[in-house]
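# Structure assessment
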Amino acid sequence: MKKVKKYILVAAASLLVYSCNDALDIRQAGEAQDQQAFQTASDLEKFLVGSVYTSADITSQIKFSSLFTDELKVGPANAGQDQSTFRFVIIPNDPFVEGIWSGQYLLINRVNQLIDKSALITPASTTDVALYNNTLAEARVLRAFAYLNLMTYYSTDLKNDNALGVILADKIYPFETKLPRVKNSDIWNFVEADLAYADTNLNATAAANHPAPYFINKNVVSALRARMYLYRGNYTLAKQYAQAAVTGSGLALTLAAPIPTGTVGSTAWNNTFYTQSTTPSPYRKMLFDDIIGENIFKLSRPSVGLGGNIAGMYTTNNTSISGSPWWVTGINLYNTYGYTSNDIRKYAYVDPTSDATKQNYVIDKYPGKNATPLKNDIKIFRISEMYLILAECAVRANDLPTAASYVKQIRDARKWTGTTTLPTYGTAAAAFVDILRERRIELSFEGHRFIDLKRLGAEAGVSIDRNATDDFLTGTPLTLSLTDYRWTLPIPSSELNGNPGIAQNPGY
């Protein structure tokens, strides 16, 4: 792990860091784009690690998903931060609308720059050819990931290939270029081409210093495809690739047990469970980033160096009640943590200093690591998500018992003693309710709740589920109709200003 972090830091330091004024402005002063900077496959790999991977980020969408849905309650230190977004005021200059769009296009632009620079290089040996092709393959998977993120929020209908998608930026364009949005099918075809290239060119031997779960490999490609096909409504392929991700990765669900001895929740128990160096719980260790656990892919955020503090989305100083939290766990979400008895997530996700009297349950899913509060790796694909995809696909195939078994396996893994009761689903709708409940608990604060409700809520009869006391203002809406236009984000003001001919989404 130390070797990986050192490699990332050195690669990053060796490259110029530049800024973009616009999502499609790539040729900026100061970029490393001359022949001297890119002479070998190793140079290209350094750019991949130091510029492309470091541009991969989903914190804007994690925070937006939390704010817009039912994961949050206004915290005791909140002095107005993000409250308009929380109250469903979604406009083109919303910071999260801007952040999701610009963040993903920055990643796409970095990939396009890498591909452009690759033309300057002629690999000198068979080994160099493999490294060269693998570097391009990893970059193109990251580009596909960025497009999936954009489509999730800005496409008018993910399941309709003729619906309006996003801008297809497939290469470096001159500054003055104004590109239109294209159909979903154009984006998906481009993504499929990137993933097909990865199938052929990802090479574990060439990428020996790119270990899982911090770098792209074929299991990440399977997981990405599983999520993509689920969102697109192709449940046959979603099932195929979710199974491939589970089997290929060789990972299993991370267990709750063992946990500290003594009374759960007591001071002595808390002192052990919540301390990185002493907790025996594998699940808690995974949150601390001490073990890989069930992570198929996550974004590296070393305790010193690159990357922001992910828990800083919710709190000021640390993940305790004294850390001045702006946002705390939504009350109904907290109550849902107790749906299954002896579920470790009720403890793993909530700091013990929380003020239960005022129902201020401090979010502790990102507890910090190595004495660095707030900073943790960003989890992208985990085995539990693959199991939940398989459960949903089983419902689509009218195999309700199999769907129940996948949900039970997750709950068993999260239970520190005993096993759970096998759910019984009389209808597909009942199964979807339970799957959504499990996704709500397991994937909380990881950026899934918005799209989960958008694509599955109507079939389950479930929408945003806030408690009346999540907001200190009375009379604010507690839910939002799933037919509301705000379930598709607007094209941001920054893009409209620079590209006035671009089509805006309905309602804005």
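Everything numeric here is computed off the predicted structure, so don't read it as measured data.

## As for the overall build of the protein chain
Helix and strand counts for the protein chain come out as 18 helices and six strands. The C-alpha atoms of the protein chain give 22 Å as radius of gyration, which agrees with the globular expectation for 508 residues (23 Å, within 12%). Principal axes of the C-alpha set define a box for the protein chain whose edges measure 65 × 50 × 50 Å. Within the span of the protein chain, comprising 508 residues, buried residues form 59% of the whole. For the protein chain, contacts bridging at least 24 residues in sequence account for 74% of all contacts bridging at least 6. For the protein chain, the exposed surface amounts to about 18700 Å²; the carbon and sulfur share of it is 53%. Computed over 48 positive and 46 negative side-chain charges, the separation of the two mean positions in the protein chain equals 4 Å.

## Examining the side chain of Arg411
Locating Arg411 in the fold gives a position in helix α15 (residues 400-414). Judged by relative accessible area, which is 5%, Arg411 ranks as buried. Only 2.8 Å separates the side chain of Arg411 from the side chain of Asp434, close enough to count as a polar contact. With near-sequence residues (within four places) excluded, Arg411 lies in contact with Tyr339, Thr340, Arg345, Thr420, Pro423, Asp434, Arg437 and Glu438.

## Observations concerning the pairing of strand β4 (residues 295-299)
Counting buried residues in β4 gives five out of five residues, a clear majority hidden from the surface. Alignment of β4 against strand β6 (residues 378-382), held across four bridges, turns out to be antiparallel. Of the residues in β6, the one forming a bridge with Phe297 is Phe381.

## Looking at unusual backbone geometry
Peptide bonds are, in most cases, trans, and in most cases residues other than glycine have a negative phi. A cis amide bond links Ala212 with the next residue in sequence, Pro213, at an omega value of 0°. Looking at the secondary structure, you find Pro213 in the loop between α7 (184-201) and α8 (218-232). The amide bond that connects Ala257 to the next residue, Pro258, takes the cis arrangement and shows omega of 5°. Of note, Pro258 is situated in the loop between α9 (235-249) and α10 (267-273). One non-glycine residue, Asp82, lies in positive phi territory at about 65°.

## Focus on helix α17 (residues 449-460)
Taking 1.5 Å of rise per residue, the 12 residues of α17 would be expected to cover 16 Å, yet its terminal C-alpha atoms sit only 14 Å apart, more than 12% below that figure. Here α17 lies mainly inside the structure; nine of its 12 residues are buried. By the burial criterion, the buried members of α17 are Arg449, Phe450, Ile451, Asp452, Leu453, Arg455, Leu456, Gly457 and Ala460. Those residues of α17 hidden inside the fold are in contact with α3 (59-68), α6 (126-154), α8, α14 (383-396) and α16 (428-442).

## Notes on the environment of Ser405
By the element assignment, Ser405 lies in helix α15. By relative accessible area, Ser405 is classed as partly exposed at 26%. As for Ser405 and Ile90, which are separated by 315 residues in sequence, their C-alpha atoms are 39 Å apart.

## A word on the confidence of the model for the protein chain
Of the residues in the protein chain, 93% have a pLDDT of 70 or more, and the chain-wide mean is 94. For the stretch residues 1-32, pLDDT sits under 50, and the model shows 64 contacts to residues farther than four places along the chain or on other chains.

## What to know about empty space enclosed by the protein
Remark: the empty space left among the atoms is shown by a probe the size of a water molecule rolled over them. This structure, assessed with the given rule, holds four cavities of 30 Å³ or more. A volume near 140 Å³ is recorded for the largest cavity. Lining the largest cavity are 15 residues, with Gln61, Asn149, Arg227, Tyr231 and Gly447 positioned closest to its centre. Of all the secondary-structure elements, those providing two or more residues to the lining of the largest cavity are α6, α8 and β6. If one sorts the elements of the lining of the largest cavity by residue count, α6 sits on top with five residues.

Rules used in this analysis
Residues numbered from 1 in each chain as written. Predicted model: local features only at pLDDT ≥ 70, side-chain atom pairs only at ≥ 80, totals over all residues. Heavy atoms only, no water. Helix = DSSP H or I, 4+ residues; strand = E, 2+ residues; numbered from the N terminus. Rg over C-alpha atoms; globule rule 2.2 N^0.38 Å. Buried < 20%, exposed > 50% of the residue type's maximum accessible area, 1.4 Å probe, protein only. Contact = heavy atoms within 4.5 Å. Areas by Shrake-Rupley, 256 points an atom, 1.4 Å probe, with all protein chains shown as cover. Lys, Arg positive; Asp, Glu negative; His and termini not counted. Charge placed at Lys NZ, Arg CZ, Asp CG, Glu CD. Polar contact = N/O pair within 3.5 Å; in protein donor to acceptor, adjacent residues only side chain to side chain. Pairing = 2+ DSSP bridges. Expected span 1.5 Å × (residues − 1). pLDDT = per-residue confidence, 0-100. 1 Å grid on protein atoms, 1.4 Å probe; cavity = no way out; pocket = protein on both sides within 12 Å on 5 of 7 lines; lining within 4 Å. Points joined across faces, edges and corners; volume = space filled by probe spheres on them.

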